[in-house]
There are 2 protein chains.
Amino acid sequence: MTPVERTGDAAQDARVARTRADVSRVALKVLTDEGTDALTHGHVAELAGYSKTTLYTHWPARVDLILLALDAIGEMPHQDPTGDLRADLIGELTFFRRAVLDYRLDQILAVMAQWASVDEMARVRDQLNTEAQLPIRGMLAAVFDGVELEAAISMLAGVVACPTIMFGAVPEDDVIEAAVDLVLRGSKRKRPS
Amino acid sequence: MTPVERTGDAAQDARVARTRADVSRVALKVLTDEGTDALTHGHVAELAGYSKTTLYTHWPARVDLILLALDAIGEMPHQDPTGDLRADLIGELTFFRRAVLDYRLDQILAVMAQWASVDEMARVRDQLNTEAQLPIRGMLAAVFDGVELEAAISMLAGVVACPTIMFGAVPEDDVIEAAVDLVLRGSKRKRPS
């Protein structure tokens, strides 16, 4: 391989990476603003300023477009731990509620659940949700373990996720606080000082 | 209107009702077995043995087909209350878990969340979820009220719904039991004897 060819490859790689980043960002915007049904090759191509052929070449199936959109989800914002478990849990759930509204996590969760029969989607979903739960898992591990820890994580995630998915509404501050207090009162282990 | 015409109308009404029931059942089966993307007029018409034209006449949009599928969801099975709050809550969550598997509630919840920008879908979703939560709301009302009651309902629903939606997995018995115990330990009100 000659240096010229290497330069050509590098330029080509950069172009592909730029296209991927552009299309990914637009696809996520379509998904959250307009819903899954609007996430078609034609619509995304038009908004991103690429040809439909380019999109079909790199991402032939609709599930590829959805996976590409999920790629654009950045790091979710999390509560910086203060050491006060109650405040940290409330803060983390408040960040989760904010992310539901800002990133339309109800739509993202729904579309991932719906395409989970595709292995790659199940993998991406599990990874995104595992990462998203890491901070709250770490906090709750101070006072729970085993099946209680698993239950407490689902319960606190549920306080935000259930009304979101089931009623399209996020919980008020006082419901989040009540949930955290309920979980902490139910812990058999003493809080670390 | 003459008697003959009334007979004709009645026969016509019966035919429409039968068509609706047939198509509704098939549409729900497609939705749960194959997912939303398979829920097209052509596919449902073929499986139900009606013409595509008939389907388009009665249910012109795809969201109409989805709403029709949701029509076929019958009464969800619920725990018969025994008076033992802990046992009743565990029983109810176990029924919920069974329903998730039998009716693919993860897919149903996902598709309702996804189409909730359509007013009629939001209405149907709110109604289905409100009805589904009634028994557990009644049970928890014995030991909680106000924001604590709302929090406890979302938390116990979350123990089944969160792993379902987020990881495509239902909780084991011991996680359900841990969640119920955690909530009951957290209740400030004495259990009614």
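What counts, and where the lines are drawn
- Residues numbered from 1 in each chain as written.
- Chains lettered and ligands numbered in written order.
- Predicted model: local features only at pLDDT ≥ 70, side-chain atom pairs only at ≥ 80, totals over all residues.
- Heavy atoms only, no water.
- Contact = heavy atoms within 4.5 Å.
- Buried area = accessible area lost by both parts, 1.4 Å probe.
- Salt bridge = Lys/Arg side-chain N within 4 Å of Asp/Glu carboxyl O.
- Polar contact = N/O pair within 3.5 Å; in protein donor to acceptor, adjacent residues only side chain to side chain.
- Helix = DSSP H or I, 4+ residues; strand = E, 2+ residues; numbered from the N terminus.
- Nonpolar A, V, L, I, M, F, W, Y, C, P; charged D, E, K, R; others polar.
- Least-squares fit on C-alpha atoms with pLDDT ≥ 70 in both.
- Buried < 20%, exposed > 50% of the residue type's maximum accessible area, 1.4 Å probe, protein only.
- 1 Å grid on protein atoms, 1.4 Å probe; cavity = no way out; pocket = protein on both sides within 12 Å on 5 of 7 lines; lining within 4 Å.
- Points joined across faces, edges and corners; volume = space filled by probe spheres on them.

(A) Layout of the interface of chain A and chain B. The interface of chain A with chain B comprises 45 residues on the first partner and 45 residues on the second. In this assembly, chain A packs against chain B so that about 3800 Å² is buried in total across both faces, 64% of it on carbon and sulfur atoms. Looking at the side of chain A facing chain B, the largest losses of area belong to Gln114(A), Met155(A) and Met166(A), adding up to 18% of the total buried there. Between the two partners, chain A and chain B, sit 4 salt bridges. Counting across the chain A and chain B interface gives 16 residue pairs in polar contact (both at pLDDT 80 or more). Contributing elements (two or more residues each) for the side of chain A that touches chain B: α6 (105-114), α7 (119-140), α8 (146-167) and α9 (173-186) of chain A. Element by element, the count of residues in the side of chain A that touches chain B is highest for α8(A), at 18 residues. Classifying every residue of the side of chain A that touches chain B gives 25 nonpolar, 11 polar and 9 charged.

(B) Representation of the relation of the copies chain A and chain B in the model. Expressed as a screw operation, the relation of chain A to chain B combines 0.0 Å of axial shift with a rotation of 180°, fitting to an RMSD of 0.0 Å. Between the two chains, the operation in question is that of a two-fold axis. With an isologous cut-off of 70% or more, the 100% of interface residues of chain A that recur at the interface of chain B puts this contact in the isologous class.

(C) Structural view of α6(A). For α6(A), a buried count of 10 out of 10 residues is recorded, marking the element as mostly surrounded by other parts of the structure. If you check which residues of α6(A) are buried, you get Leu105(A), Asp106(A), Gln107(A), Ile108(A), Leu109(A), Ala110(A), Val111(A), Met112(A), Ala113(A) and Gln114(A).

(D) View of empty space enclosed by the protein. Under the definition given, this model contains 1 cavity of 30 Å³ or more. Considering the residues around the largest cavity, the lining is formed by Leu109(A), Ala161(A), Cys162(A), Ile165(A), Met166(A), Ala161(B), Cys162(B), Ile165(B) and Met166(B). Within the residue set of the lining of the largest cavity, elements represented by two or more residues are α8 of chain A together with α8 (146-167) of chain B. Looking at the lining of the largest cavity residue by residue, the classes come out as 9 nonpolar, no polar and no charged.

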